[in-house]
Amino acid sequence: MFAYYLDLALRSLKRNKALTALMVLAIALGIGASMTTLTVLHVLSGDPLPGRSGTLYYPQIDPRDNSGLFPGKEPPEQLTLTDGQNLLRAGRADHQALMTGGSVPIQPDSSSLDPFYVEARYTTADFFPMFGTPFLYGQGWAAADDEARVRDVVINSELNQRLFAGADSVGRTLRVANTAFRIVGVLDNWEPSPHFYDLNTGSYGYTEQVFLPLQTALGLHMDHNGSSDCWGNGAGGIGGTYPSEECVWLQFWVRLDSPAQVAAYREFLVRYSQQQKSLGRFVKAPNVRLRDVRQWLAYERVVPNDVRLQTGLAFGFLLVCLVNTVGLMLAKFLRRASELGIRRALGASKRALFTQLLVESGVVGLVGGAGGLLLALLGLWLVRHRPSDYAPLAHLDPTMLLVTFLLAVGASLLAGLLPAWRACQITPALQLKSN
Amino acid sequence: MDIRPIFAALRKHRIPAGLIVLEIALACAVLCNAVFMIGQRIGEMHVPNAIDEAGIVDITVQGTDPKLAAADVPRNLAALREIPGVTAVAAVNIVPLSQSGWNSNVATGPGELLKKNTPNVAQYLFSRGGPEALGMRLLRGRFFDDAEYADSQLGVSYLPGGHVALVTQSLAERLWPGQSALGKQAWIGDDNHYTVVGVVADILRPDRNGEGAAGFHWAIFLPLSPASVLNTYIVRSNPGDRGRVLRDGIRKLEALSPNAVVKGQTFTEVRDKFFADTRSMVGMLALVCVVMLAVTAFGIVGLTSFWVGQRRRQIGIRRALGATRGHIMRYFQTENFLLTAAGVLLGMALAFGINVYLMQHYELQRMPMYYLPAGAIALWLLGQLAVIGPARRAAAVPPVVATRSG
């Protein structure tokens, strides 16, 4: 029966090519626009570390004075160096890492390569096991090395390719900012997106090429990269290179595996704030937050508003296209009232007619969906050629492919429902008589 | 013309009529909001920026020894000044629209930083010749003199030790509304304050850190003697020369600091980069509007054609009873007008609702009321254009159709 309906549908669609083309085009345009924007939204709001992000937490405390400069009750988004080191040394979580961004000159030994700048991360040892960074060669440095200020460095595969043509470079020397470092590890491709652990350096499309022990980097006065928020008079810190003690400029991440641990850590942050207040360092009452990765990204509003607006607009457009298709399909079905009347008179049930018409709208949906998919691919290609920092990420993944397909067929079946129902309401006798 | 028969006919075709109304309402709502967003963004791209945008290029030098800056900066400036065609040069810490900010909160008195919600302001530092190199326009007061540049050193803090400042007109109005800013004290931090000696025409800040559109023009300018933070060189020339000046400048600075990383661009490129996202958003919004209007128009053509096909007999009878072609044309045009009117009424309410929602969730501004009737008129015109074809075909139905059976 289905094959017969399909045959009828194709015949009917062929009979009025312009109308069919218009319906298919409307669905394709609507689907194409909404899938392009939805894919971008999906990619941008993705989980940066699937499987791990649920156990990673970002502690915030409030070391500021009582100035009215910062309205609202939210504590600052980063930590001071003192607080960061205190929390790190307290070691209340399974893993914890204190870090900040930087940019350093790499001075290759070979005279064929000029010195160049790369993005760097100054961090403590737990960064690698906590975030589960994949290593191509070697591994990170040990926690004990942090305090010893060892001159160890982890580089990423891109830099390894550039300097050592991809060979195992563990144990070799790398000159960073006029200082010799020993390479202890080479990361495999690792680009969490969004760049959740430090959003100040850009949320998307930002990768560090070298990772240096925090204390070592600070001791060598390497350049800081990122945001620093100060209160008081903001006088310079360590040697004038870094923000002062009245500035927050470091990020601190902890790994907490169970809700009990999370509660205990939150309690610890409150106690720490109280203790610092009694020492006279903090002025405000304890004001702490402990967000996991998802909550942190939502709080920081990582996904650009424009992307959300575009998605909303595209769905508005899809709705217009669908209403348009409903109208055209209705016109098409009603025009065939006499044909349907004859089929009814010959014994076809209303249900059979309804199914037949739905098959026809399903065909329109399938073809429109395929067209929409092509348009979405074209749209994403256009997005990739835009200058936004998230542009290279705009690719269709299998999930979105399936969503596109379902959306197209679902939408056009939905668009076919009303016209099919309306067309089945005809009185067979009247149709036969008038012709 | 009597419109009662039209209503009677529409009542018999409630579903198609309702669909046209709904489609027009949705299109009107989306159109109003999209055009409003386009207007906002185009406005943003054209905010005034009182510097010589066409004539300046900027070159940044990174990776030199900060301790040698006091000697390096004057040497570099002298080298750049020698390039033929260069009219002015200066070293600055940040460049408008460069997306790399240097911001401070500025107050009008000591201790006020702690009390009030003070504006966040872009803090420009420049060496002698800064106003000339940027092409700043002085509205009141004066620029800095040589002694003020020489006096101002950078201590351990990020604030220069000088005592004078220039502010933009917008910042002056924000800090001292209705008063003259000249001679007033601008406080940055608890210990540093600067006497305002001049007010300049509005200049954009490097990023959008200020509160909304107004804050885009909040900037303060402080003089500074050569220091390592002044690592960007502004070189001004005739717009026709700037490409060559940029190439020569980069080459000279690279030769002077072989280990440094030297990067340069024209200000036009800086501006293009800053607004690239905005431009592509405008393009996308415009494309959606055009395609949506086209889809709507074709939808109207399709449905009206169907109606005309269905009513061939009635049209024939009317023609046989003496209706002219014009009457038939006008009938369909009036019908379309009434449907569109219902659609745009609904659409304007919907557009307003969407705008209110966006205002609450996306910090969008209120849509001016004239967008609503403008959108309505656009859709009315669209409807009338779309109906011409089918109405013509209806008018072409010969009276003899009435006599045929079927």
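Residues numbered from 1 in each chain as written. Chains lettered and ligands numbered in written order. Predicted model: local features only at pLDDT ≥ 70, side-chain atom pairs only at ≥ 80, totals over all residues. Heavy atoms only, no water.

Quick look at the overall build of chain A
Then, number 1: Of the regular secondary structure elements, chain A holds 14 helices and 13 strands.
Then, number 2: Against the globule reference of 22 Å for 435 residues, chain A gives a C-alpha radius of gyration of 31 Å, more extended than a compact globule.
Then, number 3: If one aligns the C-alpha atoms of chain A with their principal axes, the spans along those axes are about 100 × 55 × 35 Å.
Then, number 4: By residue count, 53% of the 435 residues in chain A fall in the buried class.
Then, number 5: A sequence separation of at least 24 residues applies to 75% of the contacts in chain A between residues at least 6 apart.
Then, number 6: Counting only carbon and sulfur atoms, one obtains 57% of the accessible surface of chain A, whose full area is about 18,100 Å². (Helix = DSSP H or I, 4+ residues; strand = E, 2+ residues; numbered from the N terminus. Rg over C-alpha atoms; globule rule 2.2 N^0.38 Å. Buried < 20%, exposed > 50% of the residue type's maximum accessible area, 1.4 Å probe, protein only. Contact = heavy atoms within 4.5 Å. Areas by Shrake-Rupley, 256 points an atom, 1.4 Å probe, with all protein chains shown as cover.)

Some words on the overall build of chain B
Then, number 1: Secondary structure summary: chain B contains 14 helices and 11 strands in total.
Then, number 2: The globule rule puts the C-alpha radius of gyration for 406 residues at 22 Å, and the 32 Å found for chain B is more than 25% above it.
Then, number 3: C-alpha extents for chain B along the principal axes are approximately 100 × 50 × 30 Å.
Then, number 4: Taking all 406 residues of chain B together, 52% fall into the buried category.
Then, number 5: When the accessible surface of chain B is totalled, it reaches about 17,800 Å², and 59% of it is carbon and sulfur.
Then, number 6: The distance from the centre of the 39 positive side-chain charges to the centre of the 29 negative ones in chain B is 21 Å. (Lys, Arg positive; Asp, Glu negative; His and termini not counted. Charge placed at Lys NZ, Arg CZ, Asp CG, Glu CD.)

Comments concerning the interface of chain B and chain A
Then, number 1: In this assembly, 49 residues from chain B lie in contact with 46 residues from chain A.
Then, number 2: When chain B packs against chain A, the two sides together hide about 4,000 Å² of surface, and 71% of this comes from carbon and sulfur.
Then, number 3: Put simply, chain B and chain A have 1 salt bridge between them.
Then, number 4: With its nearest N and O atoms 2.3 Å apart, the salt bridge here joins R41 of chain B to D306 of chain A.
Then, number 5: At the boundary of chain B with chain A, the tally comes to 2 residue pairs in polar contact (both at pLDDT 80 or more).
Then, number 6: Listing elements by their share of the side of chain B that touches chain A, those giving two or more residues are α2 (14-45), α4 (112-115), α11 (276-310) and α13 (325-362) of chain B.
Then, number 7: Taken together, the residues of the side of chain B that touches chain A sort by class into 28 nonpolar, 14 polar and 7 charged. (Buried area = accessible area lost by both parts, 1.4 Å probe. Salt bridge = Lys/Arg side-chain N within 4 Å of Asp/Glu carboxyl O. Polar contact = N/O pair within 3.5 Å; in protein donor to acceptor, adjacent residues only side chain to side chain. Nonpolar A, V, L, I, M, F, W, Y, C, P; charged D, E, K, R; others polar.)

Description of empty space enclosed by the protein
Then, number 1: Enumeration according to the criterion identifies 2 cavities of 30 Å³ or more in this entry.
Then, number 2: Taken as a whole, the largest cavity spans an internal volume of roughly 70 Å³.
Then, number 3: Taken together, Y58, E77, Q78, F196, Y197, D198, L199, N200, Q251, W253, W296 and E300 of chain A form the lining of the largest cavity.
Then, number 4: Considering only residue class, the lining of the largest cavity consists of 6 nonpolar, 3 polar and 3 charged.
Then, number 5: One number sums up the size of the second largest cavity: a volume of about 30 Å³.
Then, number 6: I20, I300, T304, W307, F332, E335, N336, L339 and V387 of chain B together form the lining of the second largest cavity.
Then, number 7: When residues of the lining of the second largest cavity are traced back to their parent elements, those giving at least two are α11 and α13 of chain B.
Then, number 8: The class makeup of the residues in the lining of the second largest cavity is 6 nonpolar, 2 polar and 1 charged. (1 Å grid on protein atoms, 1.4 Å probe; cavity = no way out; pocket = protein on both sides within 12 Å on 5 of 7 lines; lining within 4 Å. Points joined across faces, edges and corners; volume = space filled by probe spheres on them.)

As for the domain arrangement of chain B
Then, number 1: Annotation of chain B at the domain level lists domain 1 (4-46 + 277-403) and domain 2 (64-259).
Then, number 2: For domain 1 of chain B and domain 2 of chain B, the distance between their C-alpha centroids amounts to 54 Å. (Domains from an automatic or database assignment.)

Here we look at the confidence of the model for chain B
Then, number 1: With 96% of its residues at a pLDDT of at least 70, chain B reaches an overall mean of 88.
Then, number 2: In the model output, the complex is listed with pTM 0.82 alongside ipTM 0.81. (pLDDT = per-residue confidence, 0-100.)

Quick notes on the nonpolar core
Then, number 1: By size, the foremost hydrophobic cluster in this structure holds 180 residues, and its most contacted members are F126, I220 and F221 of chain B.
Then, number 2: With 17 residues, α2 of chain B is the single largest residue contributor to this core.
Then, number 3: Excluding anything up to four places from it in sequence, F221 of chain B contacts Y124, F126, M136, F144, V164, A165, L166, T168, V200 and I203 of chain B.
Then, number 4: Grouped together as the second largest cluster of nonpolar side chains are 45 residues, L163, L174, L212 and F268 of chain A included. (Core = buried A, V, L, I, M, F, W, Y, C linked by side-chain atoms within 4.5 Å.)

Comments concerning the domain arrangement of chain A
Residues and elements named next belong to chain A.
Then, number 1: Structurally, chain A comprises domain 1 (2-45 + 304-434) and domain 2 (53-299).
Then, number 2: The straight-line distance from the C-alpha centre of domain 1 to that of domain 2 is 50 Å.
Then, number 3: When the two sides are added together, the surface that domain 1 and domain 2 hide from each other amounts to roughly 440 Å², 51% of it contributed by carbon and sulfur.
Then, number 4: Among the residues domain 1 hides against domain 2, the three largest losses belong to L44, D389 and L393. Together they make up 70% of the total.
Then, number 5: If you look at where domain 1 meets domain 2, you find 0 salt bridges.
Then, number 6: Inspection of the domain 1/domain 2 interface yields 1 residue pair in polar contact (both at pLDDT 80 or more).

As for the packing of aromatic side chains
Then, number 1: The full count for this structure, using the stated rule, is 34 aromatic pairs over all chains.
Then, number 2: Here the aromatic rings of F274 of chain B and F275 of chain B are separated by 5.0 Å at their centres, their planes lie at 80°, and the arrangement is edge-to-face. As far as the burial class goes, F274 of chain B and F275 of chain B line up, both buried.
Then, number 3: The positively charged end of R162 of chain A is found above the aromatic ring belonging to F116 of chain A, 3.5 Å away from the centroid.
Then, number 4: Its end group placed over the ring of Y299 of chain A, R291 of chain A keeps NZ or CZ at 3.7 Å from the ring centre. (Phe/Tyr/Trp six-rings, centres within 6.5 Å; stacked < 30°, edge-to-face > 60°. Lys NZ or Arg CZ within 6 Å of the ring centre and 35° of its normal.)

Re helix α10 (residues 267-274) of chain B
Residues and elements named next belong to chain B.
Then, number 1: Within α10 the residues assigned to the buried category are F267, V270, R271 and F274. Projected onto a plane normal to the axis of α10, the buried residues spread over an arc of 95° and lie on a single side.
Then, number 2: Contacts from the buried residues of α10 go to α2, β1 (56-62), β11 (261-266) and α11. (Arc of directions from axis to C-beta.)

Thoughts on the pattern of salt bridges
Oppositely charged side chains may form a pair once their charged atoms are brought near each other.
Residues and elements named next belong to chain A.
Then, number 1: Under the criterion given, the structure shown has 24 salt bridges over all chains.
Then, number 2: Of the charged contacts, one joins R121 and E208 as a salt bridge, the two residues approaching to 2.7 Å between their closest N and O atoms. Taken together, the residues span a long stretch of sequence, with R121 in strand β3 (residues 116-123) and E208 in the loop between β7 (179-187) and β8 (210-213) at a distance of 87 residues.
Then, number 3: Classification of R121 by relative accessible area gives buried; the value is 0%.
Then, number 4: The network of salt bridges with common partners includes R15, R336, E339 and E360.

Observations regarding the side chain of H224 of chain A
Residue and element names in this part refer to chain A.
Then, number 1: Within the secondary structure layout, H224 lies in strand β9 (residues 224-225).
Then, number 2: Within the structure, H224 has its side chain in polar contact with the side chain of T100 (distance 3.2 Å).
Then, number 3: The residues touching H224, leaving out its near neighbours within four places in the chain, are T100, G101, G102, Y242, P243 and W249.

What about the packing of α11 of chain B against helix α12 (residues 312-320) of chain B?
Working note: a packed helix pair is described by the angle between its axes plus the distance between those axes.
Then, number 1: Two elements in contact, α11 of chain B and α12 of chain B, have axes separated by 4 Å at closest approach and are oriented at 65°. Contacts between α11 of chain B and α12 of chain B involve V308, G309 and Q310 of chain B on the former and, on the latter, R312, Q314 and I315 of chain B. (Axes fitted to C-alpha atoms, helices over the stretch in contact; angles between N-to-C directions.)

Structural notes on the state of the cysteines
By definition, a disulfide links the sulfur atoms of two cysteines through a covalent bond.
Residue and element names in this part refer to chain B.
Then, number 1: Scanning all chains against the criterion turns up 0 disulfides over all chains.
Then, number 2: Not part of a disulfide, C28 finds its nearest cysteine sulfur in C32, a span of 4.2 Å.
Then, number 3: Residue C28 is classed as buried on the basis of its relative accessible area of 0%.
Then, number 4: Of the cysteine sulfurs around C289, a residue in no disulfide, the closest is that of C32, at 9.6 Å. (Disulfide = S-S within 2.5 Å.)

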